[in-house]
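# Fold and contact review
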Amino acid sequence: MRPPRETLTLVGHTANERLVSDALSGDRVPQAWLLTGPPGVGKATFAYRMARFLLTGGGADSGPSLFGDSAPVTSLTVDADHPAVRQIAVGSHPDLLVIEREMDEKRDKMKSAISVDQVREISQFLHLTASQGGWRIVLIDSADEMNTNAANALLKILEEPPKRALLILVSHTPGRLLPTIRSRCRMLRFGPLSAEDVRTAAEAVLEGEPLDPIAITLADGAPGRALMLADPDTRSVLTDLLGLLRQAPNGDPATLHSFAEKLGKAAADAQYRSFIDQFDAWLMRVIRHSARTGSVPNDLPGEAQAAEAVLRAAGSLDRLIEVWEKNAQLFRQTDGLNLDRKQAVLSALLPLTQRR
């Protein structure tokens, strides 16, 4: 399965491609872009597409305008055989710096946040001379994961970015970013794709392997989420979660604690992350479906029973929205303060499994 840095095909988001193309054809190119939208809709793929275009020679100017008298940009498509494409795919291009959460070698798991030291690397990188005499590009995925000191350090960079430098920030929840960071970026909003576009985009990443129709249904317009749900391990986390919720409020407490304990182990980092994603997305699925249709979703075995159970436990749709919001905050705090993951899972599930 190809990651975003290797994915050359763009499915959907043609309006955003036109906006970027128009900007690159003009006299003034924003030095920072903020790509926002739900997780998995293609923001990172688009960010790499922008970087790839510029680092393969797109936007090479010879006059006061970015393109001088040359034809305007109409597409960010590049030659797949260009050396820069291969360098970006393997993470070795000297003019592209990618900032993302790093591995904590001592704990053998991903760190909870992007650190200030990582962001300080950006300033040093941007003041180097580009190896090809063109652009220096920084891609932050995702900017939501910066800690407070890192965000403040980035703000200083955005206040006075060097020439021929471009920062591309990917954000799932831009409301968590400093308003001053948002104000210094040109925003591109990415919405959910159609079911057909989800299938096309996901199968392109899978190199033609057919995608489970249920994964498309549950993806809510996000190809990345469809790919996650196509993975048996990811689907099993959702299946186990629905099994617990379906028994509410008469489920076995020992089973709930066993589930939380399994996810709380240090070696279960991937499963814990999957649980957070699945729980968050599924609750939002129930909320949207109920608000839109007055009924509950029923595409997975036992999904309708689980949805009915959580609505009963919450007491109302408004109360379920409050639970969803509190859970999102709970998991952010658990990561940021390195709190007990088992307790976080229990705290998130108990309001929806205990008798009111």
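Relevant structure appears above.
None of these values were measured; they are calculated from a predicted model.

Criteria and thresholds
Residues numbered from 1 in each chain as written. Predicted model: local features only at pLDDT ≥ 70, side-chain atom pairs only at ≥ 80, totals over all residues. Heavy atoms only, no water. Buried < 20%, exposed > 50% of the residue type's maximum accessible area, 1.4 Å probe, protein only. Helix = DSSP H or I, 4+ residues; strand = E, 2+ residues; numbered from the N terminus. Pairing = 2+ DSSP bridges. Salt bridge = Lys/Arg side-chain N within 4 Å of Asp/Glu carboxyl O. Phe/Tyr/Trp six-rings, centres within 6.5 Å; stacked < 30°, edge-to-face > 60°. Axes fitted to C-alpha atoms, helices over the stretch in contact; angles between N-to-C directions. Contact = heavy atoms within 4.5 Å. Polar contact = N/O pair within 3.5 Å; in protein donor to acceptor, adjacent residues only side chain to side chain.

Moving on, we come to the pairing of strand β6 (residues 165–171). Of all the seven residues making up β6, seven are buried; the element is thus mostly covered by neighbouring parts of the structure. Neither face of β6 is left uncovered, since the one carrying Ala-165, Leu-167, Leu-169 and Ser-171 and the one carrying Leu-166, Ile-168 and Val-170 both have all their residues buried. Relative to β6, strand β1 (residues 32–36) runs parallel, the two sharing five bridges. Bridge pairing in β6 links Thr-36 to Ser-171. Here six bridges tie strand β5 (residues 136–141) to β6, and the two strands are oriented parallel to one another. By the bridge assignment, Val-138 is partnered in β6 with Leu-167.

Following the criterion strictly, the structure yields 16 salt bridges and no others. For Asp-240, the salt bridge identified is with Lys-262, shortest N-O distance 3.9 Å. Separated by 22 residues along the polypeptide, Asp-240 in helix α10 (residues 232–246) and Lys-262 in helix α11 (residues 253–264) bring together distant segments of the chain. Here Asp-269 makes a salt bridge to Arg-273, at a shortest N to O gap of 3.7 Å. Of this pair, Asp-269 and Arg-273 both sit in helix α12 (residues 269–293), four residues apart, roughly one helical turn. Just as Asp-269 is buried, Arg-273 falls in that class too. Linked through salt bridges whose partners overlap, the residues forming this network are Asp-269, Arg-273, Asp-335 and Arg-341.

Cis geometry is adopted by the peptide bond preceding Ser-142, which originates at Asp-141 and carries an omega value of 0°. Residue position: Ser-142 is located in the loop between β5 and α5 (148–159). Even without a glycine there, the phi angle at Asp-220 is positive, about 55°. A positive phi is found at Asn-338, a non-glycine position, where the angle reads about 55°. In this structure Asn-338 comes out as partly exposed when scored by relative accessible area, which is 43%.

Under the definition given, this model contains five aromatic pairs. Each ring, one from Phe-275 and one from Phe-279, has its centre 5.4 Å from the other, and the planes form 25°; the classification is stacked. Residue Phe-275 and its partner Phe-279 are both found in helix α12; the two are separated by four residues, about one turn of the helix. Neither residue differs from the other here; Phe-275 and Phe-279 are each classed as buried. Aromatic side chains Phe-275 and Phe-331 sit 6.0 Å apart centroid to centroid with 85° between the ring planes, which places their arrangement in the edge-to-face category. Taken together, the residues span a long stretch of sequence, with Phe-275 in helix α12 and Phe-331 in helix α14 (residues 317–336) at a distance of 56 residues. Here Phe-275 and Phe-331 have matching classes, each one buried.

This part covers the sheet that holds strand β2 (residues 96–99). The strand order across the open sheet built from five strands is β2-β5-β6-β1-β7, with neighbouring strands paired in parallel fashion. If you trace the sheet from one side to the other, it starts and ends with β2 and β7 (186–189), each paired once. Within this sheet the neighbouring strands show an average axis-to-axis angle of 15°, counted without direction. Along the sheet, helix α4 (residues 116–126) makes contact with β2, β5 and β6, crossing β5 at roughly 165°.

This paragraph deals with the side chain of Thr-56. In this structure, Thr-56 sits in the loop between α2 (43–55) and α3 (83–90). At 2.9 Å, the side chain of Thr-56 and the backbone oxygen of Arg-52 are in polar contact. When near neighbours in sequence (up to four residues on either side) are disregarded, Thr-56 contacts Val-78, His-82, Ala-84 and Val-85.

A few words on the side chain of Arg-225. If you trace the backbone, Arg-225 turns up in helix α9 (residues 223–230). Filtering out sequence-adjacent residues up to four positions away, Arg-225 remains in contact with Gly-40, Leu-218, Ala-219, Asp-277, Gln-278, Ala-281 and Trp-282.

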